[in-house]
Amino acid sequence: MRRVTCSMGVSLDGYIVGPDGGFDWSGPDEEVFRFWIDDIRGVDVHLMGRRLYETMLYWETADRDPSLDAPTREWISLWNPLPKVVFSTTLTEVRGNARLASGTVAEEIGRLRAEPGGGEIAIGGATLAAEAAAAGLIDEYRTVVHPVLVGGGVPFFPRDERRVDLELVESRTFGSKAVLLRHRVVR
């Protein structure tokens, strides 16, 4: 069965976006960016909420910039053709290789897991990830913890007072002192 993964950059105090709505502190250095490039290679479809979708629209036309370096071009070559499912109550259309979700996150994941393919189903965006987590649908969390305290904002993990046992399957410290933590959900 295809695994569902949730991967995001997070501050040491647990936020993906600070209280001012910014996430400039999570800008990856070359080594972290290489990790994200390698990570996306294992994804067959990416589920995201409206805000993340709108943020990631940048990549749809970024390749027009002739000054982009090779790693950025590599990211674009992987990200743009990747199928995406966007969950939104306000959007009526999406661009690129994306479609609007036709059901709940649980229904979409059920359909995607039933399809052939061995790649992962990735989830991005705190609200959508929290919904999937509450339904017990996430199999693995991948966090790149940045050495910064932002003091509030949008938390990575939902605050739903629900216990989830995890098993650490990988940890790695990058040169920037950001730390990758991969945890598999224990079932």
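Heads up: the structure comes first, above all this text.
Everything numeric here is computed off the predicted structure, so don't read it as measured data. (Residues numbered from 1 in each chain as written. Predicted model: local features only at pLDDT ≥ 70, side-chain atom pairs only at ≥ 80, totals over all residues. Heavy atoms only, no water.)

## Notes on the environment of arginine 73
And then number 1: Structurally, the position occupied by arginine 73 is in helix α4 (residues 70–79).
And then number 2: For arginine 73 and aspartate 20, which are 53 residues apart along the polypeptide, the C-alpha to C-alpha distance reads 30 Å.
And then number 3: Contacts of arginine 73, omitting those with residues within four sequence positions, involve Asp63, Asp65, Pro66, Ser67 and Leu68. (Helix = DSSP H or I, 4+ residues; strand = E, 2+ residues; numbered from the N terminus. Contact = heavy atoms within 4.5 Å.)

## Considerations on empty space enclosed by the protein
And then number 1: Counted according to the given criterion, the structure contains one cavity of 30 Å³ or more.
And then number 2: Considered as a void within the structure, the largest cavity measures approximately 40 Å³ in volume.
And then number 3: Lining the largest cavity we find Tyr53, Met56, Leu57, Glu60, Trp79, Lys84, Arg95 and Ala98.
And then number 4: Considering only residue class, the lining of the largest cavity consists of five nonpolar, no polar and three charged. (1 Å grid on protein atoms, 1.4 Å probe; cavity = no way out; pocket = protein on both sides within 12 Å on 5 of 7 lines; lining within 4 Å. Points joined across faces, edges and corners; volume = space filled by probe spheres on them. Nonpolar A, V, L, I, M, F, W, Y, C, P; charged D, E, K, R; others polar.)

## Here we look at the pairing of strand β3 (residues 43–49)
And then number 1: By the criterion of burial, β3 is predominantly enclosed, with six of the seven residues buried.
And then number 2: Strand direction decides the pairing type here: β3 and strand β4 (residues 84–87), joined by four bridges, are parallel. Following the sheet pairing, histidine 46 is matched in β4 by lysine 84. (Buried < 20%, exposed > 50% of the residue type's maximum accessible area, 1.4 Å probe, protein only. Pairing = 2+ DSSP bridges.)

## Things to note about the packing of helix α1 (residues 30–40) against α4
And then number 1: Viewed as axis vectors pointing N to C, α1 and α4 meet at an angle of 25 degrees, and their least axial separation amounts to 10 Å. What the angle tells us is that α1 and α4 run roughly parallel. Two packed elements cross with a definite hand, and for α1 against α4 that hand is left-handed. Two secondary-structure elements touch here, α1 through Phe33, Arg34, Trp36, Ile37 and Ile40 and α4 through Pro71, Thr72, Glu74, Trp75, Leu78 and Trp79.
And then number 2: When its residues are assigned to classes, the contact of α1 with α4 shows eight nonpolar, one polar and two charged. (Axes fitted to C-alpha atoms, helices over the stretch in contact; angles between N-to-C directions. Parallel < 35°, antiparallel > 145°, perpendicular 65-115°, else oblique. Left-handed = near helix turned anticlockwise from the far one by under 90°.)

## Remarks on helix α6 (residues 126–134)
And then number 1: For α6, the complete set of buried residues consists of Ala126, Leu128, Ala129, Ala132 and Ala133. Across the axial projection of α6, the buried residues extend over an arc of 165 degrees, all falling on one side.
And then number 2: With its phi angle positive at about 70 degrees, glycine 136 sits one or two positions after the end of α6. (Arc of directions from axis to C-beta.)

## Here we look at the layout of surface pockets
And then number 1: The calculated volume of the largest pocket comes to roughly 1400 Å³.
And then number 2: Per-element tally for the lining of the largest pocket: the top contributor is α1, with six residues.
And then number 3: Residues that form the lining of the largest pocket fall into these classes: 24 nonpolar, 16 polar and ten charged.

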